[in-house]
Amino acid sequence: MNILILGSGGREHTFAHQVAKSEKCTNLFVAPGNAGTGAIATNLAISVNDFDAIRQAVLEHKIDMVVVGPEDPLVNGIVDYFKADPDLKNVMIIGPSAEGAELEGSKERAKEFMSRHNIPTAAYASFDRDSLDAGKKFLETLEPPYVLKADGLAAGKGVLILDSLEEAKQELENMLAHSKFGAASAKVVIEEFLDGIELSVFVLTDGMNYKVLPTAKDYKRIGEGDTGLNTGGMGAISPVPFADEDLMKKIESRIVLPTVNGIKEEGIDYKGFIFIGLIKVNNEPYVIEYNVRMGDPETEVVLPRIKTDLVELLKATSRQELNRLKLEIDPRSATTVMVVSGGYPEAYEKGKKISGISDISGSVVFHAGTAIKDGQVVTNGGRVIAITSLGDDFRMALKKSYQNVEKLSFDRMYYRTDIGFDLSQEGM
Ligand code: AMP
Ligand code: GLY
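Residues numbered from 1 in each chain as written. Chains lettered and ligands numbered in written order. Predicted model: local features only at pLDDT ≥ 70, side-chain atom pairs only at ≥ 80, totals over all residues. Heavy atoms only, no water.

Undergrad: Would you mind showing me how to read the site of ligand 1 here?
TA: Looking at ligand 1, there are 14 residues lining it, with E191, E192, L194, E198 and E289 nearest. Interatomic distance of 2.8 Å between a backbone N/O atom of L194 and a nitrogen atom of ligand 1. In the environment of ligand 1, an oxygen atom lies 3.2 Å from a nitrogen or oxygen atom belonging to the side chain of K220. When ligand 1 sits alone it has 470 Å² of accessible area, and the protein chains cover 87% of it. At the level of elements, β7 (146–150), β8 (159–162) and β17 (284–291) are the ones that each hand at least two residues to the shell around ligand 1. In terms of residue class, the shell around ligand 1 is built from seven nonpolar, no polar and seven charged. (Near = heavy atom within 4 Å. Polar contact = N/O pair within 3.5 Å; in protein donor to acceptor, adjacent residues only side chain to side chain. Areas by Shrake-Rupley, 256 points an atom, 1.4 Å probe, with all protein chains shown as cover. Helix = DSSP H or I, 4+ residues; strand = E, 2+ residues; numbered from the N terminus. Nonpolar A, V, L, I, M, F, W, Y, C, P; charged D, E, K, R; others polar.)

Here you go:
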C-alpha cells in the first residue's frame, strides 16, 4: 500500500516510523513532514489544508491510504472532500468527517453531545455576544476558579482559568465583545472547575467498533512543576500509573462506550482516533475535552507500545472491521521528553544547528520542528525533538530519555527535567 501522512510534527514522525515498519507499506509519503520523516519517507511540500494539492499528490503517487495528523484539515472537512470526489472516494482516509470533527472544533457542540449521551463532564452554560450580561450573571453563581473556554479552535490557547470574579467577567467580555481569540471566541463555554488529576485515553474507532489504546499523561506547561505558559506538550508518559483496572472500567463503560454509541446513533461518519482528555476527581472520571486526532507528544508514547501492525489496524478501521483484530500492547512504560527552542511557546528563533542526534542510543528520536539546511539538521519550530524510551516502569524509561536528551545540543535548547513529577504525589 502507498500511504500518505499529513502533518509535520513529532506525532507524524511517530506515525511514519510505525507505518514504515509494516510489511503492508510499499511507499510512504509525509506532507509536509520534517527532517525525521524525510529520512524514512518522501516529504511532499504541501500544506495540510491545501486539499486540491493533496488530491493531486494522492492521484500522482497512487496513494491508498491517508492518515490525517492534525485537527485543522479534519475540522475543515478533508474527509468530506475525499468522499465527495469520484477519484478519491475509495482512498482510505483516517479521521472523522467535519461533523465528527466538531467534537473538537466546537466546545459547545462537544458539551451538547456529552449531555445527549449522559457522558460525565463539568456542568456548563454557553454564551455569545448577545448574552454577555447573562454570562456575567452566571459567573456570579459559580465558585472560583472560573473556567472560560473559547468555543472554536484557538491553537490550544482558548481556555482561561481565573481566580477572581472581576477578572473572569473582564475576560468573558474580552472574548465575546473584543474577539480575544478571533472567531473562535464568538461563543464561550463557562464550566464548573473540576479539581483532580488529568489523564488521556485514546480510542481508535471505525464508527461501529472500537479499540481502547494505551493511556497517556502529558505535561503541557513550559515550566517545572507545571508552571508558566501552556505549550503543545513538553513530555508524556504511557501508561498512566494511576489508571488502574477499576478506573479504566469506569472510563470504558461511562465514557468510551457512550461516545462511540453516540457517534453511531447520530450517524456520524467517524473512522479515526478519539483523544479523550479526562480529569479524575475522587476516583471518578470526567471528560474535559475531546480531540479528533492523536495527541502530540502523546503519540510518541502511545504508538511505540502498540505491537499490532499499525497499517493493519488503520486498514481495519477504514473497512469497519476493527472487531476482527486483536490489539497487542507492550506492557512496558514509554516516556518522551520534548526538547524545545528557547523562548517557546512565545517567540523563538529557527535554523539552529542540532548536534548529538547520532550519539543517541537506546531511545528513539522523533523529530518535531526540524528541517535540513546545507545537509545539516536544524531547528525549524518551537518543539524540536522528542526522545522516547521504553522501560520496565516509567522511572526507568525516563532515565533513558534524559540520558539521551543530554547528548543533544543547540543554541538556547530547553527541556523540562521533571516529567512525571506529579505521579509520586499520587502514590505511584
Ligand atoms: P482543554 O483545552 O479543554 O483541554 O483545556 C485546557 C486545560 O484546562 C486542561 O488540560 C485542563 O488542565 C484545564 N481545564 C479545562 N477544563 C477544566 C475544568 N472544567 N476544570 C478544571 N480544569 C480544566
Ligand atoms: N498534547 C496535547 C494535544 O495534542 O492536544
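That shown, we press on.
Undergrad: Before we go on, may I ask you to explain the pattern of salt bridges in this structure?
TA: Side-chain pairing between opposite charges can occur once the charged atoms of the two side chains come close. Tallied over the entire structure, the rule returns 30 salt bridges. The salt bridge involving K187 is made with E108; its shortest N-O contact spans 2.7 Å. Pair noted here: K187 is in strand β9 (residues 187–191) and E108 is in helix α7 (residues 107–116), with a separation of 79 residues, a long-range link. Accessibility expressed as a relative area gives 33% for K187, which makes it partly exposed. Overall, E108 belongs to the buried group, its relative accessible area being 12%. With a closest N to O distance of 3.9 Å, K250 and D246 form a salt bridge. Taken together, the positions of K250 and D246, both in helix α10 (residues 245–265) and four residues apart, correspond to about one turn of that helix. A residue is classified by how much of its surface remains accessible, and D246, at 39% relative accessible area, is partly exposed. What emerges from the salt-bridge pattern is a single network uniting D246, K250, R254 and E284. (Salt bridge = Lys/Arg side-chain N within 4 Å of Asp/Glu carboxyl O. Buried < 20%, exposed > 50% of the residue type's maximum accessible area, 1.4 Å probe, protein only.)

Undergrad: Looking at this model, I keep getting lost on the site of ligand 2. Mind explaining?
TA: Around ligand 2, the neighbouring residues are D218, G232, F275, R293, G295, D296, P297 and E298. Between ligand 2 and the protein, one listed contact pairs an oxygen atom with a backbone N or O atom of D296 at 2.9 Å. Between ligand 2 and the protein, one listed contact pairs a nitrogen atom with a side-chain N or O atom of E298 at 2.9 Å. Alone, ligand 2 offers 200 Å² of accessible surface; in the complex the protein occludes 87% of this. The class makeup of the residues in the shell around ligand 2 is two nonpolar, two polar and four charged.

Undergrad: So what exactly am I meant to see when it comes to helix α9 (residues 165–176) here?
TA: Residues three or four positions apart in an α-helix share a direction because the helix packs 3.6 residues into each turn. With 12 residues, α9 extends 16 Å from end C-alpha to end C-alpha; this agrees with the ideal 16 Å at 1.5 Å per step. Of the positions making up α9, those classed as buried are A168, K169, E171, L172, M175 and L176. On an axial view of α9, the arc spanned by its buried residues comes to 165°, and they lie on one face. Where α9 is buried, its residues touch β6 (124–128), α8 (132–140), β7, β8 and β9. Near the N-terminus of α9, the side chain that reaches the backbone nitrogen of E166, with its oxygen 3.4 Å away, is that of S164. (Expected span 1.5 Å × (residues − 1). Arc of directions from axis to C-beta. Contact = heavy atoms within 4.5 Å.)

Undergrad: For this particular structure, what's the right way to read the packing of helix α6 (residues 98–105) against α7?
TA: For any two helices packed against each other, one specifies the inter-axial angle together with the distance between the axes. Look at α6 against α7: their axes get within 6 Å of each other, and the N-to-C directions meet at 100°. Considered as vectors, α6 and α7 are oriented roughly perpendicular to each other. In this structure, α6 uses E102, L103 and G105 to contact α7, whose residues at the interface are K107, R109, A110 and F113. Taken together, the residues of the contact of α6 with α7 break down into three nonpolar, one polar and three charged. (Axes fitted to C-alpha atoms, helices over the stretch in contact; angles between N-to-C directions. Parallel < 35°, antiparallel > 145°, perpendicular 65-115°, else oblique.)

Undergrad: Is there a simple way to think about the pairing of strand β1 (residues 2–7) in this case?
TA: For a regular strand, side chains alternate in direction, first toward one face of the sheet and then toward the other. For β1, a buried count of six out of six residues is recorded, marking the element as mostly surrounded by other parts of the structure. Every second residue of β1 is oriented toward a common face, with N2, L4 and L6 on one face and I3, I5 and G7 on the other, all of them buried. One ladder, built from six bridges, connects β1 with strand β2 (residues 27–32); its direction is parallel. Within β2, the residue paired with L6 across the bridge is A31. The handedness of the β1 to β2 crossover, carried by helix α1 (residues 10–21), is right-handed. Two strands pair when backbone bridges link them, and β1 and strand β4 (residues 65–68) are joined in this way by four bridges, in the parallel orientation. By the bridge assignment, I5 is partnered in β4 with V67. (Pairing = 2+ DSSP bridges. Right-handed = clockwise from strand over helix to strand, strands pointing away.)

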